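What follows is each chain in one-letter form.
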Amino acid sequence: PTPKRVALLGATGSIGTQALDVMRAHPTRFTVTALSAQSNAELLIAQAREFRPAVVVIGDEAKYETVKTALANQPETEVLAGVAALTEIAARPDSDIVLTAMVGYAGLLPTVAAIQAGKDIALANKETLVVAGQLITELVRKYKVKLLPVDSEHSAIFQCLVGEEQNPIEKIILTASGGPFRGRSRTELATVTKAQALKHPNWDMGAKITIDSASLMNKGLEVIEAKWLFGLRDDQIDVVVHPQSIIHSLVQFQDGSLKAQLGLPDMKLPIQYALGYPERLSSDFPRFDFLAYPQFTFEQPDTATFRNLALSFEAMRRGGNAPCILNAANEVAVAAFLRDEIGFLEMSDLVESCLTKVSYLATPSLDDYMHTDQETRRVAQTLVGSGTKSA
Ligand code: NDP
Ligand code: MG
């Protein structure tokens, strides 16, 4: 087959570097047309020298000269900088698929542009579907592109649904590791540090999603992501804690049968599945050893302690711009926690305050989402400054 032409946005992150590992292992199957980074110029330059894409984007405009100079002897690679450039390269005609591996709300506009240009999307950037799931899924239908999940839980469900196109889903069950603080009380959580929160038991990921995993916001975002990816009602989505992270998620059909996808916790597998779809490419990833996992265990998530999960379900039920508010408040909260400006529990306090303070819109447009995001960040930043406890 002719190689798939891949534009990789967020190439220097955890997902981005693993995606390049996958493509490096299958040089006849993939060519890299575009790479982007926000500020890691050194790694972007090294990746550009190896993969020789037609264009690279460095988000931080102050680093443009550094990248441009380093790639001066590589005229086939154009160098661009800034936010608008990311949206521009997402829509260029020389790619077939865009892998969205940038973090946060910044994924929204490039993803919209890519869909409108007819690109298939390998979606790692879950925030895009949380913020604007309705709008994105309508665009996906209108432009007849594929939306292929990279998130491991959603990849698991997607894999379980292959061949089941005729069969209604009764419900899906998202598995959660429970993160580093599983079993802790609110009193204990009040004093946990960012170093403790950054140590995930099973997965090695970027800082934002690692904090989200510790606070269960990651699972909340994934609940909303699943609703839109699989067209589900709110009451068709369950979460179960499975600390071993081997069962990546399950689908329950109307005959009561459960299908699951299992594997070692390694994001390369779902990345490769999304890029290779519908084919399963070969891999030398470590194979599962049953004796290393003599038991699988399951628990109910503790939503009274980890309030972000309950807030996410609530935002999903409210719909409209509520998930956009939830996401923006959380992005501000995580950044503030990582700067030691607020404590661990104050993150969900801040999200809850923003959900009550920012105006609700039932049927937001793209402009409304952009406005809601900005307004929520402003409100959240004020709350960080004044202490969030007086919600
Ligand atoms: P990282 O923080 O490791 O990487 C983020 C990437 O995006 C980097 O290339 C970074 O550039 C770039 N970036 C950062 N800020 C911006 C911005 N404002 N605009 C454009 N690009 C930006 O994140 P992860 O790889 O962990 O996660 C990426 C996405 O994938 C997230 O949405 C996450 O939820 C999702 N995901 C991640 C998983 C994982 O295992 N890591 C699992 C499932 C989903 P630079 O390096 O220069 O800062
Ligand atoms: Mg996940």
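The coordinates are above.
Note that the structure is a prediction, hence the values are computed from the model and not measured. In this numbering scheme, every chain counts its residues from 1 along its sequence in written order. As a convention, the first chain written is A and the first ligand written is 1, with the rest following in written order. Thresholds applied to this predicted model are a pLDDT of at least 70 for local features of residues and 80 or more for the giving and counting of side-chain atom pairs; totals over whole chains, interfaces and linings are not thresholded and use all residues. Side-chain metrics in this entry use all non-hydrogen atoms of the structure; hydrogen atoms and water are not considered.

Participant: Explain the sheet that holds strand β3 (residues 55–58) to me, please; I cannot follow it from the model alone.
Facilitator: Strand pairing in a sheet relies on backbone hydrogen bonds, with the paired strands running either antiparallel or parallel. Criterion used throughout: strands pair if DSSP finds at least two bridges between them. Secondary structure is summarised from DSSP: a helix means a run of H or I of at least four residues, a strand means a run of E of at least two, and numbering begins at the N terminus for each. Spatially, β4-β3-β2-β1-β5-β6-β7 is the arrangement adopted by the 7 strands of the open sheet, whose pairing is parallel. Every interior strand has two partners, whereas the edge strands, β4 (78–81) and β7 (147–149), have only one. Shown here is a sheet whose adjacent strand axes are inclined to one another by a mean of 20°, direction ignored. In this sheet, strand β5 (residues 97–100) lies alongside strand β1 (residues 4–9) in parallel orientation, the contact comprising 4 bridges. If you follow Ala-7 over to β5, its bridge partner there is Val-98. Angles run from 0 to 180 degrees between N-to-C directions of axes, and those axes are lines fitted to C-alpha atoms, restricted for helices to the stretch in contact.

Participant: Teacher, can you tell me more about the sheet that holds strand β11 (residues 258–262) here?
Facilitator: In spatial order, the strands read β9-β8-β10-β11; together these 4 strands make up an open sheet with mixed pairing. A strand with exactly one partner marks an edge of an open sheet, and here the two such strands are β9 (237–241) and β11. Each strand of the sheet is rotated relative to its neighbour by a mean of 20°, with strand direction disregarded. Here, two residues are considered to be in contact whenever any of their heavy atoms come within 4.5 Å of each other. Sitting on the sheet, helix α11 (residues 217–230) touches β8 (169–176) and β9, and the angle it makes with β8 is about 155°.

Participant: How should helix α7 (residues 152–161) be read in this particular structure?
Facilitator: Helical periodicity: at 3.6 residues per turn, an α-helix aligns residues three or four positions apart in one direction. Burial analysis of α7 places 10 of its 10 residues in the buried class, which makes it a mostly covered element. Every buried residue belonging to α7 is among Ser-152, Glu-153, His-154, Ser-155, Ala-156, Ile-157, Phe-158, Gln-159, Cys-160 and Leu-161, and all of these are buried. Next to the buried residues of α7 lie β7, β8, α11, β10 (247–253), β11 and α12 (268–276). In the stretch just after α7, Gly-163 is the one whose phi turns positive, near 85°. Buried, partly exposed and exposed residues are distinguished by accessible area as a fraction of the type maximum, computed with a 1.4 Å probe on protein chains only: under 20%, between the cut-offs, and over 50%, respectively.

Participant: Whenever I open this one, the packing of aromatic side chains confuses me. Can you help?
Facilitator: Two aromatic rings are characterised by how far apart their centres lie and by the angle between their planes. Ring pairs shown here join Phe, Tyr and Trp side chains whose ring centres sit within 6.5 Å, with only the six-membered ring taken for Trp; geometry is labelled stacked below 30 degrees between planes, edge-to-face above 60, and tilted in between. For the coordinates displayed, the defined rule picks out 7 aromatic pairs. Considering the side-chain rings of Phe-181 and Phe-344, the 5.2 Å spacing of their centres and the 85° angle between planes classify their relative orientation as edge-to-face. Of the two residues, Phe-181 is situated in the loop between β8 and α8 (186–189) and Phe-344 in helix α15 (residues 344–357); the sequence distance between them amounts to 163 residues. Comparing Phe-181 with Phe-344, the two get one shared label, buried. Note on Tyr-273 and Tyr-277: the rings are 6.0 Å apart at their centroids and 70° apart in plane angle, and the pair reads as edge-to-face.

Participant: Just checking my understanding: could you explain the site of ligand 1 for this structure?
Facilitator: We call a residue near a given molecule or strand whenever any one of its heavy atoms falls within 4 Å of it. The environment of ligand 1 is formed by 24 residues, the closest being Thr-12, Ser-39, Asn-40, Glu-127 and Gly-206. The term polar contact refers here to a pair of N or O atoms within 3.5 Å; inside protein, the definition further demands a hydrogen-donor-capable atom paired with an acceptor-capable atom, and it admits residues adjacent in sequence only when both atoms are side-chain atoms. At 2.6 Å, a side-chain N or O of Thr-12 approaches an oxygen atom of ligand 1. Contacts to ligand 1 include Ser-39, whose backbone N or O atom sits 2.6 Å from an oxygen atom. Among the secondary structure elements, those contributing two or more residues to the shell around ligand 1 are α1 (14–25) and α6 (126–143). A per-class count over the shell around ligand 1 returns 12 nonpolar, 9 polar and 3 charged. Residues are grouped as follows: Ala, Val, Leu, Ile, Met, Phe, Trp, Tyr, Cys and Pro are nonpolar; Asp, Glu, Lys and Arg are charged; every other residue, Gly included, is polar.

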